[in-house]
Amino acid sequence: MPHPETWMRVTPQGLYCVPGDFFIDPARAVPRAVITHGHSDHARPDHGHVLASAETLAVMRTRMGAERAGAVQQAVGMGEVVTHDGVQIRLVPAGHVLGSCQVVLDWQGSRIVVSGDYKRRRDPTCAPFEPVPCDVFVTEATFGLPVFRHPDAGAEIGRLLESLRLFPERTHLVGAYALGKAQRVIALLREAGWDRPIFLHGALLGLCGLYESLGVKLGPLEPVPMPGKRGGGGLLAGEVVLAPPSAEATAWVRRLAEPVICAASGWMRVRQRAKAKGVELPLIISDHADWDELLETVAEVQAPEVWVTHGRDDALVHALGLRGIRGRALHLLGRGEEEEDQAPAEAAAEQPA
């Protein structure tokens, strides 16, 4: 039985399956690609042939246009097995965002699982992560430090609702990434009983509409209105507004009534990062596995060898070695650039001794 390192290679384009002649989440256009999910650090435009979940292909078409989402687009259902040049390809849920998947590859009795990005917490907007036993597990390590232990997301939403109760004269502006995080925050607000319209920055409207079209119910959503007069403001007191994380630094924010700047991100665990960004109400809501979940996942998949694609790979590789698991840092380029921008030095500064 061949070891996966004999048939999977790290190349400048990304992780390459030699017998199947395809890449997984390549960093630039290639003839044949398997895509784990729609974030732009994993889903690049202009591939020749793209294999992905139907939802991921829909996200790619929405974000980059149908003509750039792959010359040939092959939608594969979760759990369906596709054989290409002797390599069996199976997609299983990763729990990261809608349509996100792990890629399970079997060749000549050897199995490697490429996780893409994943989380282990419940998310009403996407299917939960499914562990798959394998010979090699390829994992992310975005939050690969012991300081990162995410609180319950519902409790964080409770903090937002309490702030709304305390400051009804102010707009609560939540910075949330457009794909996955925004829809999850909306769904969690609905579960907590917030049934009023949620107002959206224009950059979030398209993907929220796509989620709705794919069966994820988000309740009443409205675009943030234009002021009645030039330079006018004071809009949406007591309401929830979602926007890209960068929106609070633009003139757009002047429309809102004395906004409470909030941010929904795993990086809000890092106090100086929240302070530097002017975040008044940090909400620690992450779409990535935390430190304990990374280690629990490795134990569940029972892989004797783990390859780490990005994040704090050094800390995770060290922790795996202490558990008798061989760890290897892949140093893939271009990962983690979009949905959770990296801040490892700040995180390490807060790590307890």
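These remarks concern the structure in this document.

## Brief notes about the sheet that holds strand E10 (residues 110–114)
Then step 1. Strand order across the open sheet formed by seven strands is E7-E8-E9-E10-E11-E18-E19, with mixed pairing between neighbours. Taken across any chain shown, the strands that pair with only one partner, and hence form the sheet edges, are strand E7 (81–84) and strand E19 (326–329). Taken pair by pair, the neighbouring strands of this sheet meet at an average axis angle of 25 degrees, ignoring direction.
Then step 2. Where strand E9 (residues 101–107) and E10 come together, five bridges link them in antiparallel fashion. Residue pairing for E10: valine 104 is matched across the bridge by valine 113.

## Some remarks on unusual backbone geometry
Then step 1. If you check the backbone angles, glutamine 108 has positive phi at about 50 degrees while not being a glycine.
Then step 2. Note on placement: glutamine 108 falls in the loop between E9 and E10.
Then step 3. Residue glutamine 108 is classed as exposed on the basis of its relative accessible area of 54%.
Then step 4. Here glutamate 258, not a glycine, exhibits a phi torsion of approximately 40 degrees, which is positive.
Then step 5. In this fold, glutamate 258 is placed in the loop between strand E15 (240–243) and strand E16 (260–264).

## Let's talk about helix H4 (residues 202–213)
Then step 1. Its 12 residues give H4 an end-to-end C-alpha distance of 18 Å, which sits within 8% of 16 Å, the value for a rise of 1.5 Å per residue.
Then step 2. Taken together, the buried positions of H4 are occupied by Leu204, Leu207, Cys208, Leu210 and Tyr211. Angularly, the buried residues of H4 cover 155 degrees about the axis, an arc narrow enough to put them on a single face. Turned more than 90 degrees away from the buried face of H4 sit Gly202 and Ser213, all of them exposed.
Then step 3. Here the buried face of H4 lies against helix H1 (54–64), helix H3 (181–191), strand E13 (198–200), strand E14 (221–223) and E15.
Then step 4. Phi for glycine 215, located one or two positions after H4, is positive at around 95 degrees.

## A few points about the side chain of threonine 125
Then step 1. Position of threonine 125 among the secondary structure elements: in the loop between E10 and strand E11 (136–141).
Then step 2. Here aspartate 123 takes part through its side chain, which lies 2.7 Å from a polar atom of the side chain of threonine 125.
Then step 3. In this structure threonine 125 touches Leu98, Gln183, Arg184, Ala187, Tyr211 and Val216, once residues within four positions along its chain are discounted.

## Some thoughts on the state of the cysteines
Then step 1. Considering all chains together, one arrives at zero disulfides under this definition.
Then step 2. With no disulfide of its own, cysteine 126 lies 12 Å from the sulfur of cysteine 101, the closest cysteine sulfur.

## Looking at the sheet that holds E14
Strands in a sheet are paired, the pairing made by backbone hydrogen bonds, and the direction either parallel or antiparallel.
Then step 1. Spatial ordering of the open sheet is given by E14-E13-E15-E12-E16-E17, a layout of six strands whose pairing is parallel. Unpaired on one side and paired on the other, E14 and strand E17 (281–283) mark the two borders of the sheet. Strand-to-strand, the axes of this sheet are offset by a mean angle of 30 degrees, without reference to chain direction.
Then step 2. In this structure, strand E12 (residues 172–175) lies alongside E15, joined through four bridges in parallel fashion. Paired with valine 174 across the bridge in E15 is leucine 242.
Then step 3. Sheet strands in contact with H4 are E13, E14 and E15, and its direction is about 115 degrees off that of E13.

## Focus on the environment of alanine 153
Then step 1. Following the sequence through the fold, alanine 153 ends up in helix H2 (residues 153–166).
Then step 2. Taking the C-alpha atoms as reference, alanine 153 lies 17 Å from histidine 172; in sequence the two are 19 residues apart.
Then step 3. Those residues in contact with alanine 153, other than ones at most four positions away along the chain, are Arg184, Leu188 and Ile285.

The rules behind these values
- Residues numbered from 1 in each chain as written.
- Predicted model: local features only at pLDDT ≥ 70, side-chain atom pairs only at ≥ 80, totals over all residues.
- Heavy atoms only, no water.
- Pairing = 2+ DSSP bridges.
- Helix = DSSP H or I, 4+ residues; strand = E, 2+ residues; numbered from the N terminus.
- Axes fitted to C-alpha atoms, helices over the stretch in contact; angles between N-to-C directions.
- Buried < 20%, exposed > 50% of the residue type's maximum accessible area, 1.4 Å probe, protein only.
- Expected span 1.5 Å × (residues − 1).
- Arc of directions from axis to C-beta.
- Contact = heavy atoms within 4.5 Å.
- Polar contact = N/O pair within 3.5 Å; in protein donor to acceptor, adjacent residues only side chain to side chain.
- Disulfide = S-S within 2.5 Å.

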